[in-house]
Amino acid sequence: MKPDWDKLTAEYEGSETVLIADVDCTAGGQTKCNEVGIKGYPTIKYGDPGDLQEYKGGRSYDDFKKFASSLGPSCGPAHMDLCDDEKKTEITKLQAMEPAEREALIKEKEATLEKLEADFKAFIEGLNKQYQEASKNKDAAIEEIKSSGLGMLKSVTAFETKKEEGKTDL
């Protein structure tokens, strides 16, 4: 995927309407990645820098090229003419708010997102604990069954079967 991405980046270099870039989320870009909700790699985002959306299309150069060629300005405060009436109303309402009120709302919503992520992480950790416990119990039960003579039972059965087969051949 990286060579195709680099080819697309080079093709759009200098574009005034489309920016193709990459960020190393393991190094200097980690803060930005956390800010825009990058959870796994590679992740591709597009759209308004303040409201990036996740790209869910193909990962070949042709897929990227087709998608990138469809990009351009989108509905937002800088391009109200591209918005439907519902979005225009929403933007106008948000613009009418005091900056402190908007910031408080952002913090509230981000705190809700953080709580959802923390709750999900705790849920996954609980599932992992349950899985590990069930796996340990299963392994112990299997070992108990095997050590209770299953191997010897199978060996005797195989021996007796061969012995019986040998008698019928006589």
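Let us look at the structure shown here. (Residues numbered from 1 in each chain as written. Predicted model: local features only at pLDDT ≥ 70, side-chain atom pairs only at ≥ 80, totals over all residues. Heavy atoms only, no water.)

**Digging into the layout of surface pockets**
Which entries qualify depends on this criterion: Each cavity reported here is a set of points on a 1 Å grid over the protein atoms alone in which a 1.4 Å probe fits but cannot get out, each pocket an open set with protein on both sides within 12 Å along at least five of seven lines, and each lining residue one with an atom within 4 Å of a point. Grid points are joined across faces, edges and corners, and a volume is the space filled by probe spheres set on the points. Put simply, DSSP H or I for four residues or longer makes a helix, DSSP E for two residues or longer makes a strand, and each gets a number counted from the N terminus. When residues are sorted by character, Ala, Val, Leu, Ile, Met, Phe, Trp, Tyr, Cys and Pro go into the nonpolar class, Asp, Glu, Lys and Arg into the charged class, and all the rest, Gly among them, into the polar class.
When its volume is computed, the second largest pocket comes out at roughly 390 Å³. Every residue along the wall of the second largest pocket is listed here: Asn34, Glu35, Val36, Gly37, Lys39, Glu110, Leu113, Glu114, Leu116 and Glu117. Residue assignment for the lining of the second largest pocket shows that the elements contributing at least two residues are helix H2 (30-35) and helix H5 (99-169). Broken down by element, the residue count for the lining of the second largest pocket peaks at 5 residues, all from H5. Taken together, the residues of the lining of the second largest pocket break down into 3 nonpolar, 2 polar and 5 charged.

**With respect to helix H1 (residues 2-12)**
What counts, and what does not: Residue exposure (1.4 Å probe, protein chains only): buried if accessible area is under 20% of the type maximum, exposed if over 50%, otherwise partly exposed. When we speak of the arc, we mean the arc of directions from the helix axis to the C-beta atoms. Every residue pair with non-hydrogen atoms within 4.5 Å of one another is taken to be in contact.
What H1 keeps buried is the set Trp5, Leu8 and Tyr12. Taken down its axis, H1 places every buried residue within 65° of arc, on the same side. At its buried positions, H1 is contacted by helix H3 (61-69). Of the residues flanking the end of H1, it is glycine 14, one or two places downstream, whose phi is positive at about 85°.

**With respect to the environment of valine 23**
Within the secondary structure, valine 23 sits in the loop between H1 and H2. Sequence separation between valine 23 and threonine 43 is 20 residues, and the spatial gap between their C-alpha atoms is 9.9 Å. Look past the residues within four positions of valine 23 in its chain and what remains in contact with it is Gly29 and Cys33.

**Regarding the environment of threonine 31**
Of note, threonine 31 is situated in helix H2. Take threonine 31: its relative accessible area is 61%, and that puts it in the exposed class. In this structure, the C-alpha to C-alpha distance between threonine 31 and glutamate 98, residues 67 residues apart in sequence, is 27 Å.

**Side note on the state of the cysteines**
We count it as follows: We call a pair of cysteine sulfur atoms a disulfide when they lie within 2.5 Å.
Enumeration over the complete set of coordinates arrives at 2 disulfides. Each sulfur in the disulfide pair cysteine 25 and cysteine 33 lies 1.8 Å from the other. Where cysteine 25 bonds to cysteine 33 through sulfur, the torsion about that S-S bond is close to -75°, and the disulfide is left-handed. Grouping residues by exposure puts cysteine 25 and cysteine 33 together as buried. Disulfide partner of cysteine 75: cysteine 83, at an S-S distance of 2.0 Å. With the S-S dihedral at roughly 105°, the linkage between cysteine 75 and cysteine 83 falls on the right-handed side. Residue class for cysteine 75 comes out partly exposed when judged on its relative accessible area of 30%. In the protein, the cysteines engaged in disulfides, taken in order along the sequence, are linked 1-2, 3-4.

**Description of a nonpolar patch on the surface**
Selection rule: To count toward a patch, a residue needs a relative accessible area above 30% and no salt bridge. Like charges then connect within 9 Å, nonpolar side chains (Val, Leu, Ile, Met, Phe, Trp, Tyr) within 5 Å. Here the Shrake-Rupley method, with its probe set to 1.4 Å, supplies the accessible areas, and only the displayed protein chains count as covering residues. One side-chain nitrogen of Lys or Arg within 4 Å of one carboxyl oxygen of Asp or Glu is enough to make a salt bridge.
A surface patch of nonpolar side chains, amounting to about 370 Å² of accessible area, comprises Phe120, Phe123, Ile124 and Leu127. The topology assignment puts leucine 127 in helix H5. The class for leucine 127 is partly exposed, based on a relative accessible area of 37%.

**Topic: the packing of aromatic side chains**
The condition is simple: Note on aromatic contacts: the rings of Phe and Tyr and the six-membered ring of Trp form a pair at centre separations within 6.5 Å, being stacked when their planes are under 30 degrees apart, edge-to-face when over 60 apart, and tilted otherwise. In our convention, an over-ring charge means Lys NZ or Arg CZ found within 6 Å of a ring centre and within 35 degrees of that ring's normal.
One pass over the structure, following the stated rule, counts 4 aromatic pairs. For the pair tyrosine 46 and phenylalanine 67, a centre-to-centre distance of 4.9 Å together with 80° between the ring planes defines the contact as edge-to-face. Pair noted here: tyrosine 46 is in strand S1 (residues 45-46) and phenylalanine 67 is in helix H3, with a separation of 21 residues, a long-range link. According to the relative accessible area criterion, tyrosine 46 is partly exposed, its value standing at 30%. One aromatic cluster is present, formed by Trp5, Tyr46, Tyr55, Phe64 and Phe67 through successive ring pairs. For the cation-ring pair, lysine 7 lies above tyrosine 61, with the distance from its terminal atom to the ring centre recorded as 4.1 Å.

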